[in-house]
Amino acid sequence: MNKKWIGHITKVFFNKIVFEVPDLENLRHNYLGDFYIGRGLNDYITIFNELNKRYIFQVIGLYENEKPYLAEEESKFKEKAYFEAIPIGEITTNGFEYGLASFPMINEDVFLTSMEDLEKVFHSDSEALTIALGELSTNDYLPRININKLLTNHLSILGNTGSGKSTTIRKLLSELLELKEREVDINQMNFLIFDIHNEYQIFPSEYMNQLSIDEISIPTETITAEDWINLVQPSSAAQLPILMNGLRMASLLKNGSSHNSWIRAYSALELYNNQQTDAVTKRAKIIGLLERVPSEEITRAISFYNAQYGNFSNGTETQFKQEIRNYVLECSGFQYEECQEQLIKLLSKEEVEIQSINDLWLGIELVILLEEAKGNAQIRSYCSTLITRIENIIYTYSKTLFDQSTSKKQKFEELVKFEKGFTVLDCSSMEDTDLLFFSGYMLKEVFNRQKSIRNEKSYVDSAFHFILDEAHRYLSEANTEDSLKSLKIFERISKEGRKFGLFLIVASQRPGELSKTVLSQCNNFILHRIRNNIDLEQMRKSIPYLNDMQLFRLSYLRTGTALTVGEAFSIPMELNILGEDYGVYSETVDLNKLWSRI
């Protein structure tokens with residue numbers, strides 16, 4: 001035991017103690033070759049009791065107070081130093097246990113915690129895989145963190161911009177990479193990183209598969225209705241029903257469908273009969289629908305449809321209409337007047353499976369057309385933003401994410417094999433709503449695969465970790481019904497992912513804007529500097545490990561310093577993250593250099 005006491009207890013409460021230090025010189029001493037320096041705040045202290053237990057406290061405050069001298073002393077008063085400390089846990093013969101079952105008494109001696117006891121407090125099983133993120137802010141001690149406890153819970157890394165959270169993520173990943181020295185197969189780790197700022201290219205190519213969204217194409221037939229809602233972001237009043245029917249209509253129009261041709265023919269005639277728009281524009285839409293109808297009679301009839309004026313001559317209009325009516329009856333078995341009711345029945349039963357993004361646009365157009373034919377004259381204006389959004393998606397992603405290129409689809413198939421330990425997806429060009437769609441789609445694909453494996457084997461043979469950087473941009477808490485629906489896969493994984501081997505690592509500079517469900521399911525937190533009162537209040541509600549003093553302290557943490565709390569950390573720790581080699585990727589520009597004339 002450390003024989004050099006530094007003071008004695010004067011007050012004891014359930015949540016703290018106060019101890020007096022009569023001589024500050026006691027805070028610096030040498031014991032058994034170890035040099036001890038009491039630095040004040042965040043220091044660890046030890047109090048011994050007769051039951052072979054040692055109480056561990058952490059200093060949270062210090063102050064001076066005047067105290068009278070004894071009668072024989074020369075001066076009337078002298079100043080005394082007082083320290084406040086909060087309880088951390090107990091060291092017994094069985095090791096360290098967080099929290100106190102009993103409390104020390106007043107006048108008991110206080111000691112600086114020895115290196116031996118620090119080892120017991122931060123001890124990890126020597127056989128377990130551990131990593132080190134940084135040193136304790138009060139000394140050079142380097143706690144080892146058990147990765148099984150750290151990464152089999154959801155993890156949040158939170159902090160204002162410039163506080164060091166991205167550097168912490170890179171430090172964490174680089175430490176995991178170093179586990180290859182302990183004969184760990186790095187390519188079994190399965191980290192999927194959504195790289196928002198193109199700053200996670202830190203791995204050797206033998207362990208990393210890095211792709212931009214411009215290089216892959218996802219199979220649109222695997223995109224669910226929930227995914228489409230994430231991507232299109234319709235309003236709930238008028239646009240959501242139109243989008244859902246448009247998705248079903250597009251599914252009916254896919255290649256190989258028995259309903260494809262007659263629906264196109266029926267819709268073309270509905271458009272011709274009911275839509276009062278520019279004749280030439282209307283003709284272009286009608287021809288676009290009928291060109292894929294395999295009927296020589298209809299092809300011959302539309303040859304009389306004037307491309308310049310958008311009309312018929314020589315009585316061919318009647319022939320054109322009759323040919324379409326005949327074709328619809330032949331293919332569907334229903335008269336033209338009965339088709340609307342039949343189409344409504346088909347839409348109500350159809351599952352969403354779309355072959356191309358252009359089919360979605362056509363499906364929406366046809367649904368709006370049928371609504372107008374029923375007399376809903378305002379539906380197109382209500383859905384104008386929906387149509388614009390879909391057209392923008394086609395313009396932006398028809399040659400990338402939704403390209404029909406075989407080579408890009410093959411790259412996607414190779415990607416989802418996850419043959420490398422770190423899969424880095426460059427999403428730097430995506431808007432926030434597109435990030436929500438893409439990340440949600442990828443999580444859903446992995447979730448479904450893991451679920452299928454578990455159902456087949458009764459267990460999972462791999463684990464996946466999803467790093468959601470700048471998560472507030474797409475996992476934002478919103479009050480609208482649609483936004484809540486769009487977070488369904490994230491919230492499901494946050495609540496159920498553990499049993500399927502799926503874990504989230506959520507990084508954000510605005511915890512107050514994050515989904516409360518996702519944040520509340522995190523059991524480990526690495527907290528950098530946070531100053532916004534709304535964010536701090538949200539953390540107070542969501543993180544049970546924080547006390548008021550620690551929450552207050554977050555506002556004053558230096559860049560690169562983090563408070564770690566949760567299941568993976570034996571006690572709350574303030575660490576100086578050793579990430580000097582990884583901060584260059586996200587460092588702030590230096591105006592002195594940029595503006596220099598030399």
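Keep in mind it's a predicted model, so treat the numbers as computed, not measured.

Caption draft 1: Layout of empty space enclosed by the protein. Tallied over the full model, the rule gives two cavities of 30 Å³ or more. Around the largest cavity, the lining residues are I6, F19, L27, G38, R39, G40, D43, I45, V59, F83 and L112. Around the second largest cavity, the lining residues are N42, Y44, Q58, L136, S137, T138 and E574. Residue classes in the lining of the second largest cavity are distributed as two nonpolar, four polar and one charged.

Caption draft 2: Looking closely at unusual backbone geometry. Located in the positive-phi region is N198, a residue other than glycine, with phi close to 55°. A positive phi is found at S458, a non-glycine position, where the angle reads about 75°. Relative to the elements of secondary structure, S458 occurs in the loop between α15 (432-457) and β17 (464-468). Relative accessible area serves as the criterion here: at 63%, S458 is assigned to the exposed category.

Caption draft 3: Spotlight on the packing of aromatic side chains. Counted under the stated rule, the structure contains 21 aromatic pairs. Taken together, the aromatic side chains of W228, Y397, F402, F412, F437 and Y441 make up a single cluster linked through ring pairs. The cationic tip of R170 hangs over the ring face of Y200; the distance from NZ or CZ to the ring centre is 5.8 Å. Here the guanidinium or amino end of R283 rests over the ring plane of Y305, the centre of that ring lying 5.4 Å away.

Caption draft 4: The arrangement of the pattern of salt bridges in detail. Within this structure, the stated rule accounts for 23 salt bridges. With its nearest N and O atoms 3.1 Å apart, the salt bridge here joins E175 to K171. In this pair, E175 and K171 both sit in helix α3 (residues 165-177), four residues apart, roughly one turn of the helix. Here E175 falls in the buried class, since its relative accessible area comes to 15%. The closest approach of N and O atoms between K457 and D461, which form a salt bridge, is 2.9 Å. A single network of salt bridges, built from pairs that share partners, joins D227, K444 and E445.

Calculation criteria
- Residues numbered from 1 in each chain as written.
- Predicted model: local features only at pLDDT ≥ 70, side-chain atom pairs only at ≥ 80, totals over all residues.
- Heavy atoms only, no water.
- 1 Å grid on protein atoms, 1.4 Å probe; cavity = no way out; pocket = protein on both sides within 12 Å on 5 of 7 lines; lining within 4 Å.
- Points joined across faces, edges and corners; volume = space filled by probe spheres on them.
- Nonpolar A, V, L, I, M, F, W, Y, C, P; charged D, E, K, R; others polar.
- Helix = DSSP H or I, 4+ residues; strand = E, 2+ residues; numbered from the N terminus.
- Buried < 20%, exposed > 50% of the residue type's maximum accessible area, 1.4 Å probe, protein only.
- Phe/Tyr/Trp six-rings, centres within 6.5 Å; stacked < 30°, edge-to-face > 60°.
- Lys NZ or Arg CZ within 6 Å of the ring centre and 35° of its normal.
- Salt bridge = Lys/Arg side-chain N within 4 Å of Asp/Glu carboxyl O.

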